[in-house]
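# Survey of secondary and tertiary structure
Read off the chains here:
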Amino acid sequence: MLKPFKQEIDFQGKNFSIETGKYAKQADGAIWLKYGNTVILATVVGSKEEITEETDFFPLTVDYIEKFYAAGRFPGGFMKRESQPSTEEKLTSRLIDRPIRPLFPSWFKNETQIMATLLSYDVECDPKVASVTAASAALMISDIPFEGPVGAVRIIEKNGGYIINPTKEQEEGAKLNIVMAAKRDAIVMVEGEANEASEAEISAALKAGHEAILPLLDVQEKLMADVAPEKRTAPQIVKDEEIISFVKEFVREPLKGTITISEKLKRYSAIKEIKDALDVKIAEKYAAGEEFITGSVEKATRKAHFLFEDELKYVMRSMIVDEHKRIDGRNPEQIRPIWIETGVLPNVHGSAIFTRGETQSLGTLTLGIATDEQRVDIVTDNYSKSFMLHYNFPAFSVGEIGRLKSPGRREIGHGNLAERALKAIVPSQEEFAYTIRLVSEILESNGSSSQATVCSGCLALMDGGVPVKKHVAGIAMGLIYENNKYLILSDIMGDEDHLGDMDFKVAGTVDGITAIQMDIKIDGLPQDVMEKALKQAYEGRLHIIGEMKKAMPEARKELSDVAPKIEHIKISKDKIRDLIGKGGETIKGIIAATGADLNVDDDGNVTIAASSSVVLEKTIALVKAYTEVVEPGKIYTGKVTRIEEYGAFVEVLPGQTGLLHISKMAEGHVDKVSDVLKLDDVIKVIVTDIDFQGKFKLSMKESDFTADYSAPRPKSERPERRDRGERRERR
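Predicted, not measured: the structure shown is a model, and the values here were computed from it. (Residues numbered from 1 in each chain as written. Predicted model: local features only at pLDDT ≥ 70, side-chain atom pairs only at ≥ 80, totals over all residues. Heavy atoms only, no water.)

### A word on the overall build of the protein
This is how the line gets drawn: Each helix is a run of H or I in the DSSP string that is no shorter than four residues. Each strand is a run of E no shorter than two, and both are numbered from the N terminus. We compute the radius of gyration over the C-alpha atoms and compare it with the globule rule, which gives 2.2 Å times the number of residues raised to the power 0.38. Pairs of residues are marked as contacts when any of their non-hydrogen atoms sit within 4.5 Å. Per-residue and other accessible areas follow the Shrake-Rupley method at a 1.4 Å probe size, with only the shown protein chains counted as cover for residues.
On a plain count of helices and strands, the protein comes out with 16 helices and 29 strands. Taking 27 Å as the expected radius of gyration for a compact globule of 731 residues, we find that the protein reaches 35 Å, considerably beyond that expectation. Expressed as lengths along the three principal axes of its C-alpha atoms, the size of the protein is roughly 125 × 60 × 50 Å. In the protein, the share of contacts with a sequence separation of at least 24, taken over all contacts with a separation of at least 6, comes to 69%. On the protein, roughly 34,800 Å² of surface is accessible, and the fraction owed to carbon and sulfur atoms is 49%.

### Remarks on the packing of helix 4 (residues 199-227) against helix 11 (residues 527-551)
Packed helix pairs are specified by the crossing angle of their axes together with the interaxial distance, meaning the distance between the axes. Going by this rule: Axis lines are fitted to C-alpha atoms, over the contacting stretch for helices. Their N-to-C directions set the angle, which ranges from 0 to 180 degrees. Any angle from 65 to 115 degrees is called roughly perpendicular, while one under 35 is roughly parallel, one over 145 is roughly antiparallel, and all others are oblique. Put simply, a crossing is left-handed when the front helix is turned counterclockwise from the back one by less than a right angle, and right-handed when it is turned clockwise. Each residue is assigned to one of three groups, with Ala, Val, Leu, Ile, Met, Phe, Trp, Tyr, Cys and Pro labelled nonpolar, Asp, Glu, Lys and Arg labelled charged, and all others, Gly among them, labelled polar.
Two elements in contact, helix 4 and helix 11, have axes separated by 10 Å at closest approach and are oriented at 155°. When the interaxial angle is binned, helix 4 and helix 11 end up roughly antiparallel. Crossing of helix 4 over helix 11 shows right-handed handedness. Contacts from E199, I202, S203, L206 and K207 in helix 4 reach Q527, M530, E531, L534, Y538 and R541 in helix 11. Grouping the amino acids of the contact of helix 4 with helix 11 by side-chain chemistry returns 5 nonpolar, 2 polar and 4 charged.

### Thoughts on helix 4
The following threshold applies: In a helix, the anticipated span is given by 1.5 Å times the number of residues less one.
Look at helix 4: 42 Å from first C-alpha to last across 29 residues, which is about the 42 Å you get at 1.5 Å a residue. Positioned one or two residues after helix 4, A228 has a phi angle of 50°, which is positive.

### A few points about the confidence of the model for the protein
What counts here: In predicted models, pLDDT denotes the confidence assigned by the predictor to each residue on a 0 to 100 scale.
With 96% of its residues at a pLDDT of 70 or more, the protein has an overall mean of 89. In the predicted structure, residues 715-731 sits below a pLDDT of 50 and forms 22 contacts with residues beyond four places in sequence or in another chain.

### Overview of the packing of helix 5 (residues 241-258) against helix 6 (residues 264-287)
Remark: helix 5 packs on helix 6, axes separated minimally by 10 Å, with the N-to-C direction vectors making an angle of 160°. Looking at the two axes, helix 5 sits roughly antiparallel to helix 6. Here helix 5 runs over helix 6; the crossing is right-handed. Here helix 5 contributes F246, V247, F250, V251, P254, L255 and T258 to the contact with helix 6, which in turn contributes R267, A270, I271, I274, A277, L278, K281, I282 and K285.

### Looking at helix 11
Operational definition: Buried residues are those whose accessible area, probed at 1.4 Å on protein chains only, stays under 20% of the maximum for their type, while exposed residues exceed 50% and partly exposed ones sit between those limits.
If you check helix 11, its first and last C-alpha atoms are 37 Å apart, about what 25 residues at 1.5 Å a residue would give, namely 36 Å. Of the positions making up helix 11, those classed as buried are V529, M530, A533, L534, Q536, A537, G540, R541, I544, I545 and M548.

### Describing unusual backbone geometry
In this model, G148 is joined to P149 through a cis peptide bond whose omega is 5°. Looking at where P149 falls in the secondary structure, it is placed in the loop between helix 2 (127-140) and strand 7 (151-158). With a phi close to 65°, S448 is a non-glycine residue in the positive phi region. Mapping S448 onto the fold places it in the loop between strand 17 (435-444) and helix 9 (449-463). Overall, S448 belongs to the buried group, its relative accessible area being 9%.

### Quick look at the pattern of salt bridges
Side chains that differ in charge, positive against negative, can pair when their charged atoms come close. How we decide: By definition here, a salt bridge exists when the distance from a side-chain nitrogen of Lys or Arg to a carboxyl oxygen of Asp or Glu is within 4 Å.
Tallying each qualifying case throughout the model produces 49 salt bridges. A salt bridge links D28 to K48; its shortest N-O distance comes to 3.0 Å. Taken together, the residues D28 in the loop between strand 2 (14-20) and strand 3 (29-35) and K48 in the loop between strand 4 (38-46) and strand 5 (60-66) connect sequence positions 20 residues apart. The salt bridge involving K175 is made with E201; its shortest N-O contact spans 3.2 Å. Here E201 lies in helix 4 and K175 lies in the loop between helix 3 (168-171) and strand 9 (176-182), a separation of 26 residues in the sequence. For K175, a relative accessible area of 31% translates into the label partly exposed. One salt-bridge network, held together by shared partners, links R326, D328, R330, R336, R356, D491 and E496.

### Examining the sheet that holds strand 3
Formally: We call two strands paired when DSSP finds no fewer than two bridges between them.
Strands sit in the order 1-2-3-4-6-5 across an open sheet of 6 strands; the sheet is mixed. The open sheet has two free edges, formed respectively by strand 1 (5-11) and strand 5, since each of these has just one partner strand. Averaged over all neighbouring strand pairs, the angle between strand axes comes to 15°, with direction disregarded. For strand 5 and strand 6 (residues 112-120), the ladder comprises 7 bridges, and the chain directions are parallel. Across the sheet, L60 pairs through a bridge with T112, a residue of strand 6. Sheet strands touched by helix 1 (residues 87-100): strand 5 and strand 6. Its angle to strand 5, the strand with the most contacts, is close to 140°. Where helix 4 meets the sheet, its contacts fall on strand 1, strand 2 and strand 3, and the angle it forms with strand 1 comes to roughly 165°.

Right, dumping it as structure tokens:
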């Protein structure tokens, strides 16, 4: 049984420790990571089943789980237990998966599961980045082969300096905020956002982050040396040289002729014909009694399919590296043709189609009010979002059939990346008091759909009249690494992503980067190659922005006619109850009468969203009527609601009734109230007095209309004596 081992260091001013041998001992690898008072349990289990055949599929599952008890909280909602993972948990699962996955040896295909569970949460110690290091450490001390270690940090730039693993408070106002993972000699993953940071600032941040990661690698290597795990070795799979040569000779030349078909579906169809012909040829050989040592015709066909993918990869990569020629004939820096159309959906608040090559995104804009904000209630945070972007990837976009289901991790991740890219240009609530939702519907896809989403989303904002001042475009960069040479590709297609070595997405304005994401399939990416990719991405981004400006030079000056009209009113806090009414009766009545959306917060800020200016004005008038404070010396038109012997009660504002004494109904003497007024009469009155309790008196006398009652009466002044009838009524 594994003995307990522990290694600890001081990391960025906080105690950082990893230990094993005490907890979850039946897992293949288990790490108890403590960073400050954040505690994470990372476990890894790999199937022991012997893999006897080659395959290109690695069944790796990564799950990050937050327990509400980690922050001393109850889960929200009716069910008081954790259930479906939150969006943040799914995004963190991807954050762990992306740097870890490329570091397994190519021969290891056993089903593997990594779980990182947050057990204790310290607000000053980010569990998300720590989980990457914890997962790496669990793999290092397990028997599972892993070409690590890898560590991760969050880095921000603030006031001209870099801060590693900042607190939430420090993150506020940062120019850039990046999570990165690295090995000792290379960066393996980047994910982050920025407020128009330059390429030089991004490069400097990554360099500082890489240096900060090195102690996290040291501590993992020391723990691994303590444990001294016996790693699994590659299975003995006999190479069938005959079938390797057979497949190579049969498919390589035909593939060279089909790989240059620029239209994706036609190219796939031609490639499938070659693959089908290969199957037929193998079946004919076996029918003629000629067998490969691989085994049966079924095994030989499976092996041939695996080798076919190798040949396809070789042909494409060789063409790019040797001839600097891509599948669709472009050179490495060239961007695919772009066409744009705006205002395509007449009853949507804003819309745009962005098409680049065979990738097409429909961006749509919806504007709402505060009640439309998304409430985020997770273990590590609690806030509301007034800007959100959702990405949908239906099966028809790639010519396939698929079930309708809830968004997967890929869709959530792509939407999150595009949202961060556009967040930098979205106006604040003070500038533009709307809740904003963008949706990207991918109508067709052949690479870079997340970056097409950035472009269509920006154009939809502009089409809808949202006052954004700059265009944001996104581009996906690729990489081919052969014979110790790197070739960087701009605006990669799907096959270049699938068969290449990097997917590096960069979004931004003409003045700087707003979002960045990098995933690689090789061991790591040297700093100089990263810098070259950033420079090439900048040139591509400027080209795309130029095309966007041709279609939409700037945001429309006015909101769409179908967009809601929003107005903000400030009311006194003591009038909030009057506006809401008993059981919400008043505010519901206003909504029912006008059809507008109405929201009031605890500070008396009232937000009104209406379908038209007429509805908006009507709603504003009603809100003011219910919340207006009666002023002395002001003339009102009111309705007689009750008549008594001593006078009449007149409602001058909704719910606000004052006494019109019989002596104030005319210049001369009035014998009876009924001689002058009857119930429901609408009359003009002036407020002559408001006492210290807020009760007010009215007059109809012509002489009072010219008198000055506007000066407030001192609070110390005793209220005038009322007759007994009036006192009874006031009670």
